[in-house]
Amino acid sequence: MDIFDLKREEFIKWINDENRRKGISRAVSSYVSAKEYVLSKMPELEKIRKEVRKIKEKSIDNIFELLKIAMENIEESHGNAYFAKNSIEARKIILDIIGENKLIVKSKSLTSEEIELNEFLEEHGNKVIETDLGEFIIQLRKEKPTHIINPSVHVPREEVAKTFSKLIGREVKPEIKELVKIAREYLRDKFFKADVGITGANVIAANTGTLFIIENEGNARFVSNAPPIHICIVGIEKIVPTLEDAFKIVQILPPYATGIPMSAYVSMITSPSRTADIEKTLVYGVHGPKELHVVFLDNGRSEVIKDPILKEALYCIKCGGCMYECPVYRVVGGSFGYNYFGGIGIIWSAFTSGMEKIAATIDVCTKCGRCKELCPLEIDVPKMIEYLKAKLVEKGYISKRHKEIRDNIINKNNPFGE
Amino acid sequence: MLLYWKGCMSRYRTKSIVKSVEKILSYLNINYITLEDEGCCGSILYRTGQIKDAIKITEKNIEKLKSLRIKEIITSCPGCFRTMLKDYSNYYNIPFQVYHFSQFLLKFKEKLKLKELNATVTYHDPCHLGRHMGVYEEPREIIKLVPKLKFIEMKYNRNKALCCGYGGGVRSVYPEVAIEVSKNIVNEIDNNIDFIITSCPFCKYSLSSNRVNVLDISELIAMVLE
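Conventions we followed
- Residues numbered from 1 in each chain as written.
- Chains lettered and ligands numbered in written order.
- Predicted model: local features only at pLDDT ≥ 70, side-chain atom pairs only at ≥ 80, totals over all residues.
- Heavy atoms only, no water.
- Helix = DSSP H or I, 4+ residues; strand = E, 2+ residues; numbered from the N terminus.
- Rg over C-alpha atoms; globule rule 2.2 N^0.38 Å.
- Buried < 20%, exposed > 50% of the residue type's maximum accessible area, 1.4 Å probe, protein only.
- Contact = heavy atoms within 4.5 Å.
- Areas by Shrake-Rupley, 256 points an atom, 1.4 Å probe, with all protein chains shown as cover.
- Lys, Arg positive; Asp, Glu negative; His and termini not counted.
- Charge placed at Lys NZ, Arg CZ, Asp CG, Glu CD.
- Disulfide = S-S within 2.5 Å.
- Buried area = accessible area lost by both parts, 1.4 Å probe.
- Salt bridge = Lys/Arg side-chain N within 4 Å of Asp/Glu carboxyl O.
- Polar contact = N/O pair within 3.5 Å; in protein donor to acceptor, adjacent residues only side chain to side chain.
- Nonpolar A, V, L, I, M, F, W, Y, C, P; charged D, E, K, R; others polar.
- Phe/Tyr/Trp six-rings, centres within 6.5 Å; stacked < 30°, edge-to-face > 60°.
- Lys NZ or Arg CZ within 6 Å of the ring centre and 35° of its normal.
- Pairing = 2+ DSSP bridges.
- Axes fitted to C-alpha atoms, helices over the stretch in contact; angles between N-to-C directions.
- Expected span 1.5 Å × (residues − 1).
- Bend = angle between axes of the 7 residues up to and from the residue.
- Domains from an automatic or database assignment.
- Core = buried A, V, L, I, M, F, W, Y, C linked by side-chain atoms within 4.5 Å.

Caption draft 1: Looking closely at the overall build of chain B. A tally of regular secondary structure across chain B gives eleven helices and seven strands. A compact globule built from 226 residues would reach a C-alpha radius of gyration of about 17 Å, and chain B, at 17 Å, matches this within 12%. Split into buried and exposed, the 226 residues of chain B put 63% on the buried side. Pairs at least 24 apart in sequence give 73% of the contacts found in chain B among residues at least 6 apart. Accessible surface, chain B as shown: approximately 9,200 Å² in total, 47% of it carbon and sulfur. Each charge class in chain B can be summarised by its mean position, and for the 33 positive and 24 negative side chains these summaries are 2 Å apart.

Laid out in structure tokens, this is it:
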């Protein structure tokens, strides 16, 4: 069995898994109708998404300058800024801040998945609790996320009920409201007991060093506010020049990510918590964290910027809309990807984890281009997929069937070999 | 000289598309040739990353078509259409025009005398023809030429059309996925649809595996020619 045979078996498992298919299909239909409604209600988003494309193009072209400005401004506001060349460096920086045997609460961060942070921190005796409901569910189920915005998209309510029943030791009904209540009660005191809170960020404004965290549940607010230390892990591609630019991205993310006009919460964090109310003497760590640490991750991004075709992948604002819209993702879900999912996820997985990781998966993309049409930034995913596929073929990653088709074309003048 | 480029899929699998196109061309008294040794356009090689071989085929085809003094090519396969028009031009100056059959046929709409057809149809936009080449309206205009035919749009149409699952070499490596993806489309259509019309042999082949009646645009027109 080669990697293509193994991948084919994995796809077949997904196709035949009724539970996962049910979860995805429910999520897809509610996403599609919600987005349709919100886009018709907010026609101004058409203009904003085009402006965001321009902002991202400009930001990626000046990424290192913006990184320098952002880091300086974070430091100036009494935060700590770090640059990590790769996952190993990022994990070490974070471990050095945290130490061992600590309780850590986390809000959803794709970037932390990218560097496999939880596994690493737990190896060093720390306990990590995911607090985003979807992440919490799959952490309890010891599974991997299968969608960037909705990581437990493949787990229907009946399965969540089973998982929660095990957690609290009594039978739980598969009623969504009841399930949410259980998560709320279970997690409530964890936020305040935690030594450290780890978040990602959706955008960073370089001119003030401000982190934007967009969410609906309110967990990221607790994670970034209740513990005495807040660590933010963020890819360098998330930096834009100004607050004004950042607000544009904030405006298009929620509608495209979840079909809502605006998220319940947008946290803007510029420095640790502070006061000068007593004798004008500045003290850090009032009600919020005493320390703010921002870890900027490169991990392949600065290499991919040099590639004129693949550079476009860095414009992605990670709304995840293209995954719900992808005809193939609807069928094979989280098996269409590695640590990022769908067509754009194949590109991201390739430069953050190595292209051999997606060498077989890439062949499931039909290059139909639906993602490009529905992407708020019109990112040309099929073009990048074809380009990356050609690179893989050069390195010898080609399926037996595609090779056979090639031989038939050369020897018999048709792909069927007839 | 005008060439009808059949495409491998219709030469070997969806042969009635070739018959239908040729029937329409002779009905219209159009002078054209076909090639005994047509070969491969290179589409599947471009799509599966086998670029060196694809370029070799491209060179070979351009030389051959040049020597035959081909000025215009019509093809009923959107894969060939896109490849010969777009991919070839990425590497070479092509000395001929390429049209999809639906574009070509529409130019002769005045000459088409069509019988009534009492049926309800919908249209599936092939990815290679629609999203990749921007040909959305011509096939629809042709469908609407048929008297009495009732046309209903799919929920997801034009640039938002779903994919049939067979493109890009997926069918050959992951056939189970391809078949499952094609069901996305069939599940969305109305119960009272008699035929799904499409304009791609791959889409026809794929959608037909779901016990629905699928006609290529050429088959529809050939069926109702007076």
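Caption draft 2: Broad picture of the overall build of chain A. Tallying secondary structure elements over chain A gives 19 helices and twelve strands in all. Principal-axis analysis of the C-alpha atoms places the extent of chain A at approximately 90 × 55 × 50 Å. When the 418 residues of chain A are sorted by exposure, 59% land in the buried category. Per element, the accessible surface of chain A, about 17,700 Å² overall, is 52% carbon and sulfur. Both charge centroids of chain A, one from 62 positive and one from 60 negative side chains, sit 3 Å from each other.

Caption draft 3: Geometry of the state of the cysteines. According to the stated counting rule, one finds zero disulfides over all chains in the structure shown. Cysteine cysteine 365 of chain A remains unbridged, with the sulfur of cysteine 371 of chain A as its closest cysteine sulfur at 6.5 Å. Residue cysteine 365 of chain A is classed as buried on the basis of its relative accessible area, which comes to 10%. The thiol of cysteine 41 of chain B is unpaired, and the distance to the nearest cysteine sulfur, on cysteine 80 of chain B, comes to 3.8 Å. For cysteine 41 of chain B, a relative accessible area of 6% translates into the label buried.

Caption draft 4: Structural view of the interface of chain A and chain B. Counting residues at the interface gives 43 residues for chain A, matched by 42 residues for chain B. Here chain A meets chain B over a buried area of about 3,700 Å², counting both sides, of which 61% is carbon and sulfur. For the interface between chain A and chain B, the tally reads six salt bridges. Ionic pairing is found between arginine 21 of chain A and glutamate 180 of chain B, a salt bridge with its closest N-O pair at 3.2 Å. Summed over the shared surface of chain A and chain B, the result is 20 residue pairs in polar contact (both at pLDDT 80 or more). At the level of secondary structure, the elements contributing two or more residues to the side of chain A that touches chain B comprise helix 1 (3-16), helix 2 (18-41), helix 15 (329-332), helix 17 (370-374), helix 18 (381-394) and helix 19 (400-412) of chain A. Grouping the constituent residues of the side of chain A that touches chain B by class yields 23 nonpolar, seven polar and 13 charged.

Caption draft 5: Structural context of the packing of aromatic side chains. A complete count under the given rule lists 13 aromatic pairs over all chains for this structure. With a centroid separation of 5.9 Å and an interplanar angle of 55°, the aromatic rings of phenylalanine 136 of chain A and phenylalanine 164 of chain A are classed as tilted. Separated by 28 residues along the polypeptide, phenylalanine 136 of chain A in helix 8 (residues 133-140) and phenylalanine 164 of chain A in helix 9 (residues 157-168) bring together distant segments of the chain. Of the two residues examined, phenylalanine 136 of chain A and phenylalanine 164 of chain A, each falls in the buried class. One aromatic cluster in this structure is built from Phe136, Phe164 and Tyr186 of chain A. One Lys or Arg, arginine 91 of chain A, reaches over the ring of phenylalanine 120 of chain A and ends 5.4 Å from the middle of that ring. The side chain of arginine 13 of chain B reaches across the aromatic face of phenylalanine 416 of chain A, ending 4.1 Å from its centre.

Caption draft 6: Summary view of the sheet that holds strand 7 (residues 214-216) of chain B. Residue and element names in this part refer to chain B. Strand order in the open sheet formed by four strands is 5-4-6-7, with parallel pairing between adjacent strands. Looking along the sheet, the strands with just one partner apiece sit at the ends: strand 5 (150-151) and strand 7. Alignment of strand 4 (residues 120-123) against strand 5, held across two bridges, turns out to be parallel. From the neighbouring strand, valine 121 faces strand 5, where its bridge partner is phenylalanine 151. Sitting on the sheet, helix 10 (residues 201-208) is in contact with strand 6 (195-198) and strand 7, with an inclination near 170° to strand 7.

Caption draft 7: Representation of helix 10 (residues 176-193) of chain A. All names here are of chain A. Over its 18 residues, helix 10 runs 27 Å from end to end, which matches the ideal 26 Å to within 8%, given 1.5 Å per residue. Residue leucine 187 marks the point of greatest curvature in helix 10, where the axis turns by about 30°. Turning to helix 10, the residues buried within the fold contact strand 2 (103-106), strand 3 (127-130), helix 8, helix 9 and helix 11 (219-225).

Caption draft 8: Spatial organisation of unusual backbone geometry. All names here are of chain B. Backbone geometry places arginine 158, a non-glycine residue, at a positive phi of 50°. Summarising the element assignment, arginine 158 is placed in the loop between strand 5 and helix 8 (170-173). Since its relative accessible area comes to 25%, arginine 158 is described here as partly exposed.

Caption draft 9: Representation of the sheet that holds strand 8 (residues 239-240) of chain A within the structure. Residues and elements named next belong to chain A. Read across the open sheet, the four strands follow the order 8-5-6-9; overall the sheet is mixed. Since the sheet does not close on itself, it has two edges, and those belong to strand 8 and strand 9 (265-269), each with one partner. Bridge count for strand 5 (residues 203-205) against strand 8 is two bridges, and the pairing is parallel. By the bridge assignment, isoleucine 204 is partnered in strand 8 with isoleucine 239. Along the sheet face, helix 12 (residues 243-258) touches strand 5, strand 6 (210-215), strand 8 and strand 9 and points at about 10° away from the line of strand 6.

Caption draft 10: Inspection of the domain arrangement of chain A at higher detail. All names here are of chain A. The domain boundaries assigned to chain A delineate domain 1 (3-40 + 319-412) and domain 2 (48-302). A C-alpha centroid distance of 26 Å is found between domain 1 and domain 2. Taken together, the contacts link 32 residues of domain 1 with 33 residues of domain 2. Where domain 1 abuts domain 2, roughly 2,700 Å² becomes buried across the two surfaces, and 61% of that area is made up of carbon and sulfur atoms. When the buried area of domain 1 at its contact with domain 2 is split by residue, Cys319, Pro376 and Leu377 rank highest and sum to 21% of it. Where domain 1 meets domain 2, there are two salt bridges. The closest approach of N and O atoms between arginine 49 and glutamate 378, which form a salt bridge, is 2.8 Å.

Caption draft 11: Spatial organisation of the nonpolar core. Counting residues in each nonpolar core, the largest one holds 113 residues, and the members touching the most others are Phe296, Ile344 and Leu388 of chain A. The element contributing the most residues to this core is helix 12 of chain A, with seven residues. For isoleucine 344 of chain A, the contacting residues outside a window of four places in its chain are Ala313, Cys316, Cys322, Met323, Ile379, Val381 and Met384 of chain A. Formed by 62 residues, the second largest nonpolar core is a distinct cluster that contains Cys40, Cys80, Phe104 and Leu149 of chain B.

Caption draft 12: Representation of the domain arrangement of chain B within the structure. Residues and elements named next belong to chain B. You can read the domains of chain B as domain 1 (2-106) and domain 2 (109-224). Each of domain 1 and domain 2 has a C-alpha centre, and the two are 20 Å apart. Contact residues are listed per partner, giving 29 residues for domain 1 and 27 residues for domain 2. Regarding the contact of domain 1 and domain 2, the summed buried area is about 2,600 Å², with carbon and sulfur atoms giving 75% of it. If you look at where domain 1 meets domain 2, you find zero salt bridges. At the junction of domain 1 and domain 2, the tally comes to seven residue pairs in polar contact (both at pLDDT 80 or more). Where the side of domain 1 that touches domain 2 is concerned, the elements lending two or more residues are helix 1 (8-12), helix 2 (15-27), helix 3 (43-47), helix 5 (78-91) and helix 6 (101-106). When residues of the side of domain 1 that touches domain 2 are assigned to their parent elements, the largest contribution, seven residues, is made by helix 2. Per-class residue counts for the side of domain 1 that touches domain 2 are 14 nonpolar, ten polar and five charged.

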